[in-house]
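Letter by letter, the chains look like this.
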Amino acid sequence: MFSLKDRVALVTGAGRGIGRAIALALADAGARVGITARTAEELDDVVSVIRKGGGEALAVVADLGRKGAPTDVLQQMQAKLGAVDVLVNNAGIGSSSDPRPIAQFNDDFWDLTILLNLTVPYQLSKAVLPTMHAKKWGRIINIASINGKTPSLHGAAYAASKHGLLGLTRTLALEVAKEGITVNAICPGPVHTLMNDRRLEYDAKRRGISFAEVEQGMTPIGGRLEPEDIAPMAVYLASNEARMITGQAYNICGGVLLY
Ligand code: NAP
């Protein structure tokens with residue numbers, strides 16, 4: 001429906017889950033897509049699916065938490081695909097790797113979460129701005145979370161990073177509003193991915209109920225979302241048609257959050 005022909009997109013964390021679905025959807029809409037994550041096999045699979053569908057894709061393997069990695073990745077992408085028009089900051093880590101109450105929170109895990117979920121999106125956004133400014137066109141789409149608006153029990157770093165990401169989204173949106181660049185966030189609810197499976201396992205144990213029971217009660221609509229439920233919003237926000245939408249944070253959450 002929305003054409004991204006002649007656009008170049010960079011999607012972080014696109015080897016699996018939500019990032020993979022977004023990369024495939026952007027490619028389907030005609031964008032040339034650069035993808036990055038640490039696991040080469042997962043990236044290769046995404047590239048091969050895009051190429052089989054007649055699209056163009058490039059993978060760069062990187063740990064975005066390594067100092068200098070975000071700008072290295074961007075430079076490699078721009079050298080091969082051209083200037084990035086659409087940046088999707090999706091890579092992140094969840095609370096599930098080390099969930100604890102704040103009094104027992106692991107400081108290193110706090111730092112890593114803030115780094116990957118907030119600082120890396122800041123660094124990449126900053127790095128794509130010069131070419132977006134030059135073209136007077138750009139789209140930055142941050143994959144936040146409903147935990148950007150509500151707490152995450154035993155996941156203080158996650159909730160803080162995602163609340164921060166919304167602050168970054170809204171501030172940058174205002175700063176570049178006159179430049180043809182829009183900056184928005186998507187706030188998914190529970191999506192059926194590896195990250196969310198781990199969180200459900202933790203919640204099932206904590207509450208003494210089965211994984212299936214936790215899953216069924218996750219949303220008012222029932223069950224969890226799939227990554228493909230998130231991707232169409234990213235395509236829309238990346239399109240020309242969404243030119244007047246900026247600084248927004250859209251919930252896609254099966255009715256979990258009603259504001
Ligand atoms: P996922 O299935 O775990 O995928 C995360 C992606 O990020 C993977 O491709 C992973 O690849 C990459 N990644 C993680 N650490 C990285 C690093 N240090 N450097 C480069 N890439 C890295 O997670 P997901 O559920 O799709 O989550 C994607 C985004 O959606 C996250 O920002 C998450 O907070 C957000 N979100 C998810 C949910 C949910 O319920 N699933 C809800 C709200 C928001 P490698 O491990 O290979 O590096």
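Above: the structure in question.
S.K.: For this particular structure, what's the right way to read the site of the ligand?
M.R.: Taken together, 29 residues lie near the ligand, and Arg38, Thr39, Asn90, Tyr158 and Thr193 sit nearest. Taking Asp63, its side chain carries an N or O atom lying 2.9 Å from a nitrogen atom of the ligand. For the ligand, whose free accessible area comes to 870 Å², the fraction covered by protein is 96%. Elements that contribute at least two residues to the shell around the ligand include exactly α1 (17–28), α5 (156–175) and α6 (194–207). The element best represented in the shell around the ligand is α6, accounting for three residues. Here the shell around the ligand is composed, by residue class, of 15 nonpolar, ten polar and four charged.

S.K.: Explanation requested: the side chain of Ser125 in the structure shown.
M.R.: Considering the arrangement of structural elements, one finds Ser125 in helix α4 (residues 107–135). Taking the relative accessible area as the measure of exposure, Ser125 reaches 2% and is therefore buried. Setting aside chain neighbours within four positions, we find Ser125 in contact with Leu87, Asn89, Ile140 and Leu172.

S.K.: Looking at this model, I keep getting lost on the state of the cysteines. Mind explaining?
M.R.: By definition, a disulfide links the sulfur atoms of two cysteine residues through a covalent bond. According to the stated counting rule, one finds zero disulfides in the structure shown. Of all cysteine sulfurs, the one in Cys253 lies closest to Cys187, which takes part in no disulfide; the gap is 8.7 Å. Residue classification places Cys253 among the buried residues on the basis of a relative accessible area of 5%.

Thresholds, definitions, all that
- Position numbers for residues start from 1 in each chain and track the written sequence from start to end.
- Reporting in this predicted model follows two pLDDT cut-offs: at least 70 for local features of residues, and 80 or more for side-chain atom pairs to be given and counted; totals over whole chains, interfaces and linings ignore these cut-offs and use all residues.
- Hydrogen atoms and water are omitted, and side-chain values are computed over all heavy atoms in the structure.
- Near residues are defined by distance, with any heavy atom within 4 Å of the molecule or strand qualifying the residue.
- Polar contact criterion, stated in full: a pair of N or O atoms within 3.5 Å, where within protein one must be able to donate a hydrogen and the other to accept it, and residues adjacent in sequence count only if both atoms are side-chain atoms.
- The Shrake-Rupley method, run with a 1.4 Å probe sphere, supplies the accessible areas, and residue values consider only the shown protein chains as cover.
- Numbered from the N terminus, helices here are DSSP runs of H or I no shorter than four residues, and strands are runs of E no shorter than two.
- Under this grouping Gly is polar, as are all residues other than the nonpolar Ala, Val, Leu, Ile, Met, Phe, Trp, Tyr, Cys and Pro and the charged Asp, Glu, Lys and Arg.
- Whether a residue is buried, partly exposed or exposed follows from its accessible area with a 1.4 Å probe, protein chains only, as a fraction of its type maximum: under 20%, in between, or over 50%, in that order.
- Should any heavy atoms of two residues lie within 4.5 Å, those residues are considered in contact.
- Only a pair of cysteine sulfur atoms within 2.5 Å qualifies as a disulfide here.

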